[in-house]
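Examining the three-dimensional arrangement
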Amino acid sequence: MPIATVNPANGETLKTYEAMGEEEIERRLQLAEATFRTYRTTTFVDRGRLLIQAANLLDTDQEDIARVMTTEMGKPIKQARAEAAKCAKAMRWYAERAEGLLADEEPADSDVKDSGASRVRVRYRPLGPVLAVMPWNFPLWQVMRFAAPALMAGNVGLLKHSSNVPQTALYIEDLFHRAGYTEGCFQTLLIGAGQVDDILRDERVKAATLTGSEPAGRAVASTAGEMIKKTVLELGGSDPYVVMPSADIDRAAQIAVTARVQNNGQSCIAAKRFIVHTDVYDAFADRFVEGMKALVVGDPMLDETDVGPLSSEQGRTDLEELVDDAERSGANVLCGGHRLRRPELPGWYYPPTVLADITREMRIHREEAFGPVATLYRASDLDEAVLIANDSPFGLSSNVWTRDEAEVDRFVRDLEAGSVYVNGMTASHPAFPFGGVKRSGFGRELSGHGIREFCNITTVWQGA
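The paragraphs below set out a description of the structure included in this document. Quantities reported herein were computed from a predicted structural model and do not represent experimental measurements.

What follows covers the sheet that holds strand E4 (residues 129–133). What holds strands together in a sheet is hydrogen bonding between their backbones, with the strands either parallel or antiparallel. With respect to topology, six strands assemble into an open sheet ordered E6-E5-E4-E7-E8-E18, the strand pairing being mixed. A strand with exactly one partner marks an edge of an open sheet, and here the two such strands are strand E6 (186–188) and strand E18 (441–442). The strands that helix H1 (residues 22–39) touches are E4, strand E5 (156–160) and E6; relative to E5, the one it contacts most, it runs at about 155 degrees. Against the sheet, helix H9 (residues 214–227) makes contact with strand E7 (207–211) and strand E8 (230–234), and its axis sits at roughly 170 degrees relative to E8, the strand it touches most.

Now for the packing of aromatic side chains. Going through the model one piece at a time under the given rule, you end up with nine aromatic pairs. Considering the side-chain rings of Trp93 and Tyr94, the 4.9 Å spacing of their centres and the 85 degrees angle between planes classify their relative orientation as edge-to-face. Of the two residues examined, Trp93 and Tyr94, each falls in the buried class. On the basis of an interplanar angle of 80 degrees and a centroid distance of 5.8 Å, the ring pair of Trp136 and Phe370 is categorised as edge-to-face. Of this pair, Trp136 sits in the loop between E4 and helix H6 (141–153) while Phe370 sits in the loop between helix H13 (363–366) and strand E13 (373–379), and the two are 234 residues apart along the sequence. Grouping aromatic residues by their ring pairs yields a cluster made of Tyr241, Phe274, Phe284, Phe288 and Trp401. A cation over an aromatic ring shows up here: Arg47 above the ring of Tyr39, its NZ or CZ 5.7 Å from the ring centre. Against the face of Tyr124 rests Arg452, its NZ or CZ located 5.6 Å from the ring centre.

Under the definition given, this model contains four cavities of 30 Å³ or more. When its volume is computed, the largest cavity comes out at roughly 100 Å³. Along its surface, the largest cavity is lined by Arg145, Phe146, Pro149, Ala150, Thr209, Val232, Arg444, Glu445, Gly450, Ile451, Glu453 and Phe454. Put simply, the parts of the chain that give the lining of the largest cavity at least two residues each are H6 and helix H16 (447–452).

Attention now goes to the nonpolar core. Grouped together as the largest cluster of nonpolar side chains are 82 residues, with contacts concentrated most on Leu58, Met91, Leu131, Leu140 and Phe176. Tallying contributions element by element places helix H4 (residues 77–101) first for this core, with 12 residues. Residues contacting Leu140, with those up to four places away along its chain left out, are Leu58, Ile65, Met69, Glu83, Ala84, Cys87, Thr168, Tyr171 and Ile172. One finds Ala247, Tyr281, Val307 and Tyr349 within the second-largest nonpolar core, a separate group that totals 33 residues.

A separate point is unusual backbone geometry. Of note in the backbone geometry, Asn263 takes a positive phi value of approximately 60 degrees without being a glycine. Counting through the fold element by element, Asn263 comes out in the loop between helix H10 (249–261) and strand E10 (271–277). Although it is not a glycine, Leu446 adopts a positive phi angle of roughly 65 degrees. Residue placement: Leu446 occurs in the loop between E18 and H16.

Looking at the largest pocket, its volume works out to about 1,500 Å³. Lining the largest pocket are 49 residues, with Trp136, Ser162, Gly212, Ser213 and Ala216 positioned closest to its centre. Elements supplying a minimum of two residues to the lining of the largest pocket: strand E1 (3–7), helix H8 (196–201), E7, H9 and helix H12 (313–328). The residue inventory of the lining of the largest pocket, partitioned by class, reads 23 nonpolar, 18 polar and eight charged. Each pocket or cavity is described by its volume, and for the second largest pocket that value is around 500 Å³.

Each value, and the rule that gives it
Residues numbered from 1 in each chain as written. Predicted model: local features only at pLDDT ≥ 70, side-chain atom pairs only at ≥ 80, totals over all residues. Heavy atoms only, no water. Pairing = 2+ DSSP bridges. Helix = DSSP H or I, 4+ residues; strand = E, 2+ residues; numbered from the N terminus. Contact = heavy atoms within 4.5 Å. Axes fitted to C-alpha atoms, helices over the stretch in contact; angles between N-to-C directions. Phe/Tyr/Trp six-rings, centres within 6.5 Å; stacked < 30°, edge-to-face > 60°. Buried < 20%, exposed > 50% of the residue type's maximum accessible area, 1.4 Å probe, protein only. Lys NZ or Arg CZ within 6 Å of the ring centre and 35° of its normal. 1 Å grid on protein atoms, 1.4 Å probe; cavity = no way out; pocket = protein on both sides within 12 Å on 5 of 7 lines; lining within 4 Å. Points joined across faces, edges and corners; volume = space filled by probe spheres on them. Core = buried A, V, L, I, M, F, W, Y, C linked by side-chain atoms within 4.5 Å. Nonpolar A, V, L, I, M, F, W, Y, C, P; charged D, E, K, R; others polar.

Written out as structure tokens, the structure reads:
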């Protein structure tokens, strides 16, 4: 895949870049290792000052970087602006809280005495250069939710971004440089996917984090396992959205539309499988389909656009194949279902689509639909709702709509997911841990859990 900016709204190639050669990669690895030796000794106050300066610059740059993101991967411009603002918020959150999150911990006095020590501490120390392999769908947020905690912990970052968002990737490196970070603290590597393995095998790279596809996660995890290096993986998702009879159906249907089509439906944490109790199924389905039909599909640079193009022609083809397979196997297309053919929209557009009567034999039941396509399931009771929700290889997040506290307790206990959102839509926040189970990956990002993932958790034992 070439490293290039290709506007998905019209298919036009705007910029291309040569992949870095071995000599430049070696220079950057040397720089990362040398910079870490010094940067790791800086104080939390110094690191926080730099990160807040970067956040301030990002606020100033918001409109410009939003337009870059929209140009490169097609998200509606209003969502791109919100993504930039969210990144600045997370940067400030870690700048202000990292010292407390990584403060030394002291075990109970009785345990210290029992060990024969006069004092015992648990200290969090940085690991070194961390390789981040990041996706195109949230090209700024995915990087910042790694970079902010990693830099505050005293690590340095090496970014291998998706090949279709090179301008965003280069912007991030430049942002940190303008904020006052030394050159080796955060570097963007313009490289192809085939170059990742050699870099991950390099002894100077101490750990890796990847957000992306299941095959990419397997490849990185395999190499990291062979080299015995720490990894955090956030992979695919096919999140359930369960609606029970006690729910506010109007509100549940309204939020369901946003939950499905956010980021043009290209989000791992987007709700994809809508599991509705039979008593309210028809009412929910009518409102949900009505909301999906009302969405404005168009130029992502316009504020009135709700759904822009998919990020690539291949992405649209993959989505079409899932929908076609479901329709051939008996799914009922309630809206959408076929490629848009409008001369004013020459890019890789696909309409908001709702499929009903899904069966386990359909590919879309097991595979992630990465685009604005929703699947509707009818559940006879809570037990069947849980069964359908868990009948997936993924376990990233989940959404439950009910006003029955006993049902809430049951869903929280039984749903196989890294998060359970009750009467609301899944959304990441810097204060809350984020990640999944099953084939959605392992490890956590954000919160105190995320900043500690790339730390050497060190026991310091002192005798009398």
